[in-house]
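Here are the chains, one letter per residue:
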Amino acid sequence: MRSGSVTRLRTSSAERTLGYSAFLARRHLYRRPAYDSAAEGKHDKKQHIMDESAPRPGRSMFAWLVGASQLLGVASVVLTGVWMGHYRGGFAWDGSGREFNVHPLCMVLGLVFLQGDAILVYRVFRNEAKRNVKVLHGIIHLLALIISIVGTVAVFDFHRASKTPDMYTLHSWCGMATLVLFSIQWVMGLLFFLFPVASSWLRASYLPIHVFSGLVLLVMAIGSSLLGITEKLLFSIMPTYSQFASEGVLANILGILLVGFGVLLGYLITKEEFRRPPNPEEEALSVHFKTLTEGGSPTSP
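Source: prediction; values computed, not measured.

As for the UniProt feature "transmembrane region" (unreviewed entry) in the protein
Following the UniProt record, one finds the feature "transmembrane region" (unreviewed entry) at residues 62-82, 102-123, 135-156, 176-195, 207-229 and 249-269. Annotated as 100% helix and 0% strand, the span residues 207-229 places its first and last C-alpha atoms 33 Å apart. Strand forms 0% of residues 249-269 and helix 100%; the C-alpha atoms that close the span are 30 Å apart.

Focus on the environment of L79
With respect to the helices and strands, the residue L79 is situated in helix α2 (residues 57-87). You can call L79 buried: its relative accessible area is 18%. Counting along the chain gives 178 residues from L79 to L257, while the straight-line C-alpha distance between them is 9.4 Å. Beyond its immediate stretch of four places on either side in the chain, L79 contacts L250, I253, L254 and L257.

Here we look at the nonpolar core
One finds W83, I229, L258 and L268 to be the most contacted residues of the largest nonpolar core, which totals 47 residues. Within the residue set of this core, elements represented by two or more residues are α2, α4 (102-124), α5 (130-162), α6 (170-194), α7 (200-241) and α8 (246-270). For this core, the element with the highest residue contribution is α4, accounting for 13 residues. Residues contacting W83, with those up to four places away along its chain left out, are R88, I229, K232, L233, E247, L250, A251 and L254.

A few points about the packing of α6 against α7
Close contact between α6 and α7 brings their axes to 9 Å; oriented N to C, the two are set at 155 degrees. As the angle between them shows, α6 and α7 are arranged roughly antiparallel. Note that α6 runs across α7; the crossing there is left-handed. Taken together, the residues that form the contact of α6 with α7 break down as 15 nonpolar, 10 polar and 2 charged.

The rules we used
Residues numbered from 1 in each chain as written. Predicted model: local features only at pLDDT ≥ 70, side-chain atom pairs only at ≥ 80, totals over all residues. Heavy atoms only, no water. UniProt positions renumbered as here; feature names shortened; annotations may be inferred. Helix = DSSP H or I, 4+ residues; strand = E, 2+ residues; numbered from the N terminus. Buried < 20%, exposed > 50% of the residue type's maximum accessible area, 1.4 Å probe, protein only. Contact = heavy atoms within 4.5 Å. Core = buried A, V, L, I, M, F, W, Y, C linked by side-chain atoms within 4.5 Å. Axes fitted to C-alpha atoms, helices over the stretch in contact; angles between N-to-C directions. Parallel < 35°, antiparallel > 145°, perpendicular 65-115°, else oblique. Left-handed = near helix turned anticlockwise from the far one by under 90°. Nonpolar A, V, L, I, M, F, W, Y, C, P; charged D, E, K, R; others polar.

Written out as structure tokens, the structure is:
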């Protein structure tokens with residue numbers, strides 16, 4: 001009897017020991033993930049800081065491409081000035097050929113270089129406040145528009161003084177169409193986005209058209225410039241153009257620079273990696289099709 005009691009006592013003690021060991025094992029098992037989770041959180045945070053501080057190949061390539069585009073754009077403006085200043089007699093506002101020289105310089109500076117930079121600000125300042133970028137975008141476009149109008153007035157004034165017919169060449173048709181559409185684009189952007197008077201639905205619907213039209217207008221401006229370069233060379237140095245005259249070579253290089261500027265701008269504008277990161281302001285403009293069809297109204301941008 002006493003032996004059985006001792007045996008049961010030993011068994012209970014062993015069970016309690018095993019139970020306590022199991023409890024400790026379970027406690028350790030349940031607490032370990034919490035420890036691991038905290039450690040992993042610290043590791044992830046440290047890794048995130050290292051990733052942020054480390055240079056990213058995409059950012060480096062973007063900076064190089066933007067720099068190259070600006071180099072090509074400035075070189076195009078400078079080369080146009082050298083062409084008109086050195087080979088065509090300089091600049092004036094007296095109805096002579098020197099007044100005509102104002103035209104190509106203003107068009108390359110305004111409709112090509114400044115228009116391209118106005119579009120590019122959304123990529124260069126993609127982490128800045130959208131409102132500030134909108135204002136900068138509109139101001140640069142306004143400056144480009146004013147300079148382009150000055151260039152257009154210069155060529156019409158020259159034609160009037162020299163009794164030259166207006167608007168009979170392909171260059172003049174394409175150039176005028178570009179300037180008129182550019183003016184409409186600027187006014188529409190002013191009314192829809194900078195000082196919005198349209199509804200959110202209209203703004204969201206027009207936004208893709210506005211972006212696409214900006215790229216098309218840049219292509220049209222560069223194309224019109226190329227036509228103008230060829231037209232000017234044929235009118236001015238037709239007998240010596242085929243003999244690789246220095247003026248012709250310089251003008252051809254100018255055309256290549258303009259094409260290169262347009263290609264780089266097109267790549268920077270259309271590459272998804274270089275777009276602005278999403279933020280609540282932009283999401284308000286990016287209206288989902290389901291929202292529109294179900295009658296919901298998005299928050300205003």
